[in-house]
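Fold and contact review
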Amino acid sequence: TQLLEQSPQFLSIQEGENLTVYCNSSSVFSSLQWYRQEPGEGPVLLVTVVTGGEVKKLKRLTFQFGDARKDSSLHITAAQPGDTGLYLCAGAEAGGTSYGKLTFGQGTILTVHP
Amino acid sequence: KAGVTQTPRYLIKTRGQQVTLSCSPISGHRSVSWYQQTPGQGLQFLFEYFSETQRNKGNFPGRFSGRQFSNSRSEMNVSTLELGDSALYLCASSQDRENTEAFFGQGTRLTVV
């Protein structure tokens, strides 16, 4: 069973600060996705990283996939109150037998105070 | 393009009853996956369907079942409901066979009393 350890579990910061969320596993993933979820809503896909070492930027968000495709990070620059939410990483298992199954980290609850 | 649609949004059931949840994927997406989300366990994979065939199943009891129709719409059923089945049930659709990108619906909040 593949596991994804996400840290930290909680982050409470002031507007304008930078932060990084980590997602680590001992298993290899064929791709890794980051989602943001609001209370009572479904997760919204932010980005998918596929290639080891890949870096993707989405405005103030920077996503990185580890060289060995076992870990990933999400860095937010100059956080804003609108960034508040639950951030989830999810990995698709390498190999062709785990169709449709994403393994999720436990999530990071981010609160950005004005 | 319309997103993933789940109905109903909210449901209250009594222990022992059964429930059916519905999911309409994004047009053109043939893969539908279901997840259960609870505060204690996070998101856990239930099962996945592609072209009406269940390709993968998570570690849930047989009370949890699903199916997919020829138009890719999917339903999941939970029989003999237990209090612990209270959760947000999420459906996700993907376009390709490898499910590289999954798009989620808003979920169905099930409360068992």
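What comes next is a walk through the structure. (Residues numbered from 1 in each chain as written. Chains lettered and ligands numbered in written order. Predicted model: local features only at pLDDT ≥ 70, side-chain atom pairs only at ≥ 80, totals over all residues. Heavy atoms only, no water.)

Some remarks on the pairing of strand 5 (residues 44-49) of chain A
Looking at chain direction, strand 4 (residues 29-37) of chain A and strand 5 of chain A are connected through 5 bridges and run antiparallel. Its bridge partner being in strand 5 of chain A, Leu32(A) is matched across the sheet by Val49(A). (Pairing = 2+ DSSP bridges. Helix = DSSP H or I, 4+ residues; strand = E, 2+ residues; numbered from the N terminus.)

Describing the side chain of Ser22(B)
All names here are of chain B. Looking at where Ser22 falls in the secondary structure, it is placed in strand 3 (residues 19-24). Here the side chain of Ser22 touches Arg73 through a polar contact of 2.9 Å, side chain to side chain. Leaving out residues up to four positions away in the same chain, Ser22 has contacts with Thr5, Gln6, Thr7, Trp34, Arg73, Ser74 and Glu75. (Polar contact = N/O pair within 3.5 Å; in protein donor to acceptor, adjacent residues only side chain to side chain. Contact = heavy atoms within 4.5 Å.)

Focus on the interface of chain A and chain B
Contacts between chain A and chain B engage 21 residues on the former and 23 residues on the latter. Area buried by chain A at its contact with chain B is led by Tyr99(A), Gly100(A) and Phe104(A), which between them contribute 31% of it. On inspection of chain A and its partner chain B, the count reaches 1 salt bridge. Arg9(B) is paired through a salt bridge with Glu41(A); the nearest N and O atoms lie 3.7 Å apart. (Buried area = accessible area lost by both parts, 1.4 Å probe. Salt bridge = Lys/Arg side-chain N within 4 Å of Asp/Glu carboxyl O.)

Description of the sheet that holds strand 8 (residues 74-78) of chain B
Residues and elements named next belong to chain B. If you walk across this open sheet you meet the 4 strands as 1-3-8-7, and the pairing is antiparallel. Each of the sheet's edge strands pairs with one partner strand only, and the pair in question is strand 1 (5-7) and strand 7 (64-68). Averaged over neighbouring strand pairs, the angle between their axes works out to 20° when direction is ignored. Direction of pairing for strand 1 relative to strand 3: antiparallel, over a ladder of 3 bridges. Residue Gln6 lies in a different strand from strand 3, and its bridge partner there is Cys23. (Axes fitted to C-alpha atoms, helices over the stretch in contact; angles between N-to-C directions.)

A word on the state of the cysteines
Residue and element names in this part refer to chain A. By the definition in use, this model includes 2 disulfides over all chains. The disulfide partner of Cys23 is Cys89, and the S-S distance across this bridge is 1.7 Å. A torsion of 65° about the S-S bond marks the disulfide between Cys23 and Cys89 as right-handed. In this pair, Cys23 sits in strand 3 (residues 19-24) while Cys89 sits in strand 9 (residues 85-93), placing the two residues 66 residues apart along the sequence. For the pair shown, Cys23 and Cys89 are each scored as buried. (Disulfide = S-S within 2.5 Å. Buried < 20%, exposed > 50% of the residue type's maximum accessible area, 1.4 Å probe, protein only.)

Observations regarding the pattern of salt bridges
Opposite charge on two side chains permits them to pair, given that their charged atoms come into close proximity. In this structure the tally under the stated criterion is 9 salt bridges over all chains. The partner of Glu38(A) in a salt bridge is Arg36(A), with the nearest N and O atoms 2.6 Å apart. For Asp85(B), the salt bridge identified is with Arg63(B), shortest N-O distance 2.8 Å. Residue Asp85(B) is found in the loop between strand 8 and strand 9 (87-94), and its partner Arg63(B) is found in the loop between strand 6 (53-57) and strand 7; the two are separated by 22 residues along the sequence. By relative accessible area, Asp85(B) is classed as buried at 4%. Note on Arg63(B): relative accessible area 16%, which makes it buried. Residues joined in a network through salt bridges with shared partners are Arg63(B), Glu82(B) and Asp85(B).

Some thoughts on the environment of Ser7(A)
Residues and elements named next belong to chain A. Among the structural elements, Ser7 can be located in strand 1 (residues 5-7). Separated by 14 residues in the primary sequence, Ser7 and Val21 place their C-alpha atoms 5.9 Å from one another. Among residues more than four places away in sequence, those in contact with Ser7 are Val21, Tyr22 and Thr108.

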